[in-house]
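For reference, the chains in residue letters:
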Amino acid sequence: RGGGVWAASPGFAVSEAEISAINRGWSDPGTHFAPSGIVIGGRKFKFIRGDDQVVMVKDGASGACLRKTKQAIIIGVYDDKSQPGENSVGVNSIADHLADSGY
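No experiment lies behind these values; they were computed from the predicted model shown.

**Q** I keep staring at the layout of surface pockets and nothing clicks. Help me out?
**A** Unfilled space is identified by rolling a water-sized probe across the atoms. Empty space within the largest pocket amounts to approximately 620 Å³. What lines the largest pocket is a set of 25 residues, among which Val5, Ala7, Ile73, Ile74 and Ile75 lie closest to the centre. Only α1 (16-25), β5 (73-78) and α3 (84-100) provide two or more residues apiece to the lining of the largest pocket. Residues that form the lining of the largest pocket fall into these classes: 17 nonpolar, seven polar and one charged.

**Q** What am I meant to see in the nonpolar core here?
**A** Across soluble globular proteins, nonpolar side chains show a tendency to be buried alongside one another. Ile22, Ile38, Ile40, Val55, Val57 and Leu66 are the most contacted members of the largest nonpolar core, which totals 13 residues. Those elements that provide at least two residues to this core are α1, β1 (38-40), β2 (43-50), β3 (54-59) and β4 (62-68). Setting aside chain neighbours within four positions, we find Val57 in contact with Ile38, Ile40, Phe45, Lys46, Phe47, Ile48, Gly63, Ala64, Leu66 and Tyr78. One finds Met56, Ala72, Ile74 and Ala95 within the second-largest nonpolar core, a separate group that totals seven residues.

**Q** Can you help me understand the pairing of β2 in this one?
**A** On a regular strand, each side chain points to the face opposite its neighbour's, so the side chains alternate between the two faces of the sheet. Where β1 lies against β2, three bridges are found, and the strand directions are antiparallel. Bridged to Ile40 within β2 is Arg43. Here β1 hands over to β2 after two residues, with Gly41 in that stretch at a positive phi of 60°. Of the strand pairs in this sheet, β2 and β3 are connected by four bridges, and their pairing is antiparallel. Bridge assignment links Arg49 to a residue of β3, and that residue is Met56.

**Q** Please clarify how the side chain of Asn92 should be interpreted in this entry.
**A** By the secondary structure assignment, Asn92 is in helix α3. There is a polar contact of 2.8 Å between the side chain of Asn92 and the side chain of Arg67. Leaving out residues up to four positions away in the same chain, Asn92 has contacts with Val54 and Arg67.

**Q** When you look at the pattern of salt bridges in this model, what are you seeing that I'm missing?
**A** Between side chains of opposite charge, a pair can form when the charged atoms approach closely. Scanning all chains against the criterion turns up three salt bridges. One salt bridge in this structure joins Asp59 and Arg43, with 2.8 Å as the shortest N-O distance. On the criterion of sequence distance, the pair formed by Asp59 in strand β3 and Arg43 in strand β2 is long-range, its members being 16 residues apart. Ionic pairing is found between Asp96 and Arg67, a salt bridge with its closest N-O pair at 2.9 Å. Of the two residues, Asp96 sits in helix α3 while Arg67 sits in strand β4, which places them 29 residues apart along the sequence.

**Q** Would you mind showing me how to read the sheet that holds β3 here?
**A** For sheets, the rule is that strands pair by backbone hydrogen bonds, running either parallel or antiparallel. Taken together, the five strands give an open sheet; going across it, the order is β1-β2-β3-β4-β5, and neighbouring strands pair in antiparallel fashion. Where the open sheet ends on each side, the last strands, each with one partner, are β1 and β5. Strand-to-strand twist in this sheet, taken as the mean axis angle between neighbours without regard to direction, amounts to 30°. Running at roughly 145° to β1, α1 makes contact with β1, β4 and β5 of the sheet. This element, α3, spans β3, β4 and β5 of the sheet and lies at about 160° to β5.

Criteria and thresholds
Residues numbered from 1 in each chain as written. Predicted model: local features only at pLDDT ≥ 70, side-chain atom pairs only at ≥ 80, totals over all residues. Heavy atoms only, no water. 1 Å grid on protein atoms, 1.4 Å probe; cavity = no way out; pocket = protein on both sides within 12 Å on 5 of 7 lines; lining within 4 Å. Points joined across faces, edges and corners; volume = space filled by probe spheres on them. Helix = DSSP H or I, 4+ residues; strand = E, 2+ residues; numbered from the N terminus. Nonpolar A, V, L, I, M, F, W, Y, C, P; charged D, E, K, R; others polar. Core = buried A, V, L, I, M, F, W, Y, C linked by side-chain atoms within 4.5 Å. Buried < 20%, exposed > 50% of the residue type's maximum accessible area, 1.4 Å probe, protein only. Contact = heavy atoms within 4.5 Å. Pairing = 2+ DSSP bridges. Polar contact = N/O pair within 3.5 Å; in protein donor to acceptor, adjacent residues only side chain to side chain. Salt bridge = Lys/Arg side-chain N within 4 Å of Asp/Glu carboxyl O. Axes fitted to C-alpha atoms, helices over the stretch in contact; angles between N-to-C directions.

Worth remembering: the numbers are spatial, not functional.
Listed below in structure tokens is the structure:
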């Protein structure tokens, strides 16, 4: 959450500007993300819902789940071949593991 990218899938890159914008939006996701959406990896997603822990965004049949921990933001992007629920379960599983480990 401010220290750069810890890990990423091949071909997936999030810029420092995108990370900064996501960090700023966590204080009030509805106010910050609803009007203009979220850009992840150069792609703009529409804000669907969110709170101080989890944000869901969508772009057509694709979307993403973002989950915040004490020291990290986990971003899982899915396409039309995946289900939003499966993506959310994966993101939350990773986030829970990091949180349980103090991150």
